[in-house]
Amino acid sequence: MTPLPPGSTIGILGGGQLGRMLGMAAARLGYRTHIYAPESGGPAADTCSLWTQGDYEDAAALGAFADAVDVLTYEFENVDSGAMETLAGHGVVRPPVEALRIAQDRLKEKRYVAERGGRTAPFAEVNSLDDLKAALSWIGTPAILKTNRFGYDGKGQVRLGPDTDPAAAWEAIGGNPSILEGFVSFDQEFSVILVRGMDGEVRFWDSPANVHVDGILATSTVPAGPVIAAQVEEARALARLVADALDYVGVLTLEFFASASGPVFNEMAPRVHNSGHWTIEGAVTSQFENHIRAVAGLPLGDTSLAARGAVMRNLIGADAHDWAEILADPRNHLHLYGKNEARTGRKMGHVTRMEL
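Keep in mind it's a predicted model, so treat the numbers as computed, not measured.

Parameters at a glance
- Residues numbered from 1 in each chain as written.
- Predicted model: local features only at pLDDT ≥ 70, side-chain atom pairs only at ≥ 80, totals over all residues.
- Heavy atoms only, no water.
- Helix = DSSP H or I, 4+ residues; strand = E, 2+ residues; numbered from the N terminus.
- Rg over C-alpha atoms; globule rule 2.2 N^0.38 Å.
- Buried < 20%, exposed > 50% of the residue type's maximum accessible area, 1.4 Å probe, protein only.
- Areas by Shrake-Rupley, 256 points an atom, 1.4 Å probe, with all protein chains shown as cover.
- Lys, Arg positive; Asp, Glu negative; His and termini not counted.
- Charge placed at Lys NZ, Arg CZ, Asp CG, Glu CD.
- Core = buried A, V, L, I, M, F, W, Y, C linked by side-chain atoms within 4.5 Å.
- Contact = heavy atoms within 4.5 Å.
- Salt bridge = Lys/Arg side-chain N within 4 Å of Asp/Glu carboxyl O.
- Right-handed = clockwise from strand over helix to strand, strands pointing away.
- Pairing = 2+ DSSP bridges.
- Polar contact = N/O pair within 3.5 Å; in protein donor to acceptor, adjacent residues only side chain to side chain.
- Axes fitted to C-alpha atoms, helices over the stretch in contact; angles between N-to-C directions.

> So what's going on with the overall build of the protein? Which residues, and what values?
For the protein, the count of helices and strands is 11 helices and 17 strands. The C-alpha radius of gyration of the protein comes to 20 Å, within 12% of the 21 Å expected for a compact globule of 356 residues. Oriented by its inertia axes, the alpha-carbon framework of the protein measures out at about 60 × 50 × 40 Å. Every one of the 356 residues in the protein was classed for burial, and the buried ones make up 54%. Surface accessibility of the protein: about 14,700 Å² in total, with carbon and sulfur atoms responsible for 49%. Each charge class in the protein was averaged separately, 30 positive and 44 negative side chains, and the resulting centres sit 3 Å apart.

> Can you tell me about the nonpolar core, naming the residues and giving the values?
Membership of the largest hydrophobic core comes to 77 residues, with the highest contact counts inside it found for Leu13, Met84, Leu87 and Val242. Among the elements that make up this core, the one with the highest residue count is helix H8 (residues 226-245) (7 residues). Apart from the residues within four sequence positions on either side, Val242 is in contact with Tyr112, Val113, Leu252, Leu254 and Met268. Membership of the second largest hydrophobic core comes to 13 residues, among which are Ala135, Leu136, Leu160 and Trp170.

> Quick one: what's the story with the pattern of salt bridges, residue by residue and with numbers?
What the rule picks out here adds up to 17 salt bridges. Arg101 is the salt-bridge partner of Glu85, the closest N and O atoms lying 2.4 Å from each other. In this pair, Glu85 is assigned in helix H3 (residues 81-88) and Arg101 in helix H4 (residues 97-103), connecting sequence segments 16 residues apart. When its relative accessible area of 41% is taken as the criterion, Glu85 is described as partly exposed. The partly exposed category is assigned to Arg101, whose relative accessible area is 22%.

> Could you give me a rundown of the pairing of strand S2 (residues 32-37), with the residues and numbers involved?
The element S2 is extensively covered by neighbouring structure, given that 5 of its 6 residues are classed as buried. Handedness of the β-α-β unit built from strand S1 (residues 9-13), helix H1 (residues 17-28) and S2 comes out right-handed. Where S2 and strand S3 (residues 50-53) come together, 4 bridges link them in parallel fashion. Considered in S3, the bridge of Ile35 is made with Trp51.

> A description of the environment of Leu238 should follow, citing residues and the corresponding values.
Structurally, Leu238 can be placed in helix H8. Taking the C-alpha atoms as reference points, Leu238 and Ile228, separated by 10 residues in sequence, lie 15 Å from one another. Look past the residues within four positions of Leu238 in its chain and what remains in contact with it is Val113, Arg116, Gly118 and Phe256.

> Let's hear about the side chain of Thr303: which residues, and what values?
Within the fold, Thr303 resides in the loop between helix H10 (287-295) and strand S15 (309-316). Within the structure, the side chain of Thr303 is placed 2.8 Å from the backbone oxygen of Phe204, a separation counted as a polar contact. Beyond its immediate sequence surroundings of up to four residues, Thr303 is in contact with Arg203, Phe204, Trp205, Ala283 and Asn290.

> Give me the sheet that holds S1: which residues, what numbers.
The strand order S3-S2-S1-S4 describes an open sheet built from 4 strands, whose pairing is parallel. The open sheet has two edge strands with one neighbour each: S3 and strand S4 (71-74). Direction aside, the axes of adjacent strands within the sheet are offset by 25 degrees on average. Where S1 and S2 come together, 5 bridges link them in parallel fashion. Each residue of the ladder has a partner; that of Thr9, found in S2, is Arg32.

> I'd like a rundown of the sheet that holds strand S5 (residues 123-126), residues and numbers included.
The strand order across the open sheet built from 4 strands is S5-S8-S6-S7, with neighbouring strands paired in antiparallel fashion. Looking along the sheet, the strands with just one partner apiece sit at the ends: S5 and strand S7 (157-160). Shown here is a sheet whose adjacent strand axes are inclined to one another by a mean of 20 degrees, direction ignored. As paired strands, strand S6 (residues 143-147) and strand S8 (residues 178-182) are joined by 5 bridges and run antiparallel to one another.

> Any details on the pairing of strand S9 (residues 188-196)? Residues and values, ideally.
With respect to burial, S9 is a largely interior element, 8 of its 9 residues being buried. Here 2 bridges tie S9 to strand S11 (residues 209-213), and the two strands are oriented antiparallel to one another. Its bridge partner lying in S11, Glu189 is registered against Asn210. As defined by bridge partners, S9 adjoins strand S10 (residues 202-204) across 3 bridges and the pair is classed as antiparallel. From the neighbouring strand, Leu194 faces S10, where its bridge partner is Phe204.

Structure (structure tokens):
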């Protein structure tokens, strides 16, 4: 295993804020980053060395992009796996394409984890209105109907109560292949964020307590407190099992509900994750730097806390206009993503407050 030398180019599929922060981490280690995205620009444009605009369905453009870099990674999972397979035919993709294929399909994801002993909410495959009615008959309500693919931050899903018309719910998600999940009674939400190197070494960051508002992550706090701390070991064991089974390389995040029965798996992301943004200032080595280290074949950095604790708060929409007030507190670390329009529900940045 020969590490990628400084001066090499890391290709990143996607040009959003995660690509932006990966670019910052890569530059500190002496690497160049080359973004491939369908847009002409984006948050990552400020930190990358090169930007190629191209469709994810354009095999020729993807191939040329892959041939121009030394290793490939990605910043989000809502990309057709065919595009990733095209890239893999030209170069090394880390994390592996199989991880993306599983994570971008909610049904495959739940089955993959359940087959490895993970605790999940009750779920059923739904491909028709009749399937939905049958699933409701045994899962019951409240429940949530989610499209299998291309849903995030509360998108592509609808909640069903005892008075919800199944036909209306099916229409609301466009009649797309879906999964029905029963609600889980839980105390808190948390995530397990790990990095796995090319040599199979795994390191974990502290698991943050996560709070969501309107389906979007609002805050992540470390340390998470005793309720979550009591369930982290079991959740980490499952996350390590998943990472090893996939021969994973890079940062992997699994989200959980802390329930009376133990940690209940919710979903996974084969990439750096919003709930790990606190690691930039709050850990000895951030998730972004360790992802770059892993995909480049470098030794992994220390994931220990760098302070007594930290609270990361997402800046959604107009929240970003409060930058001056945020910076008035010397313990705040502000990250703005360079987005032009502060739309409702749009992640414009984040702020991490350190507990020294």
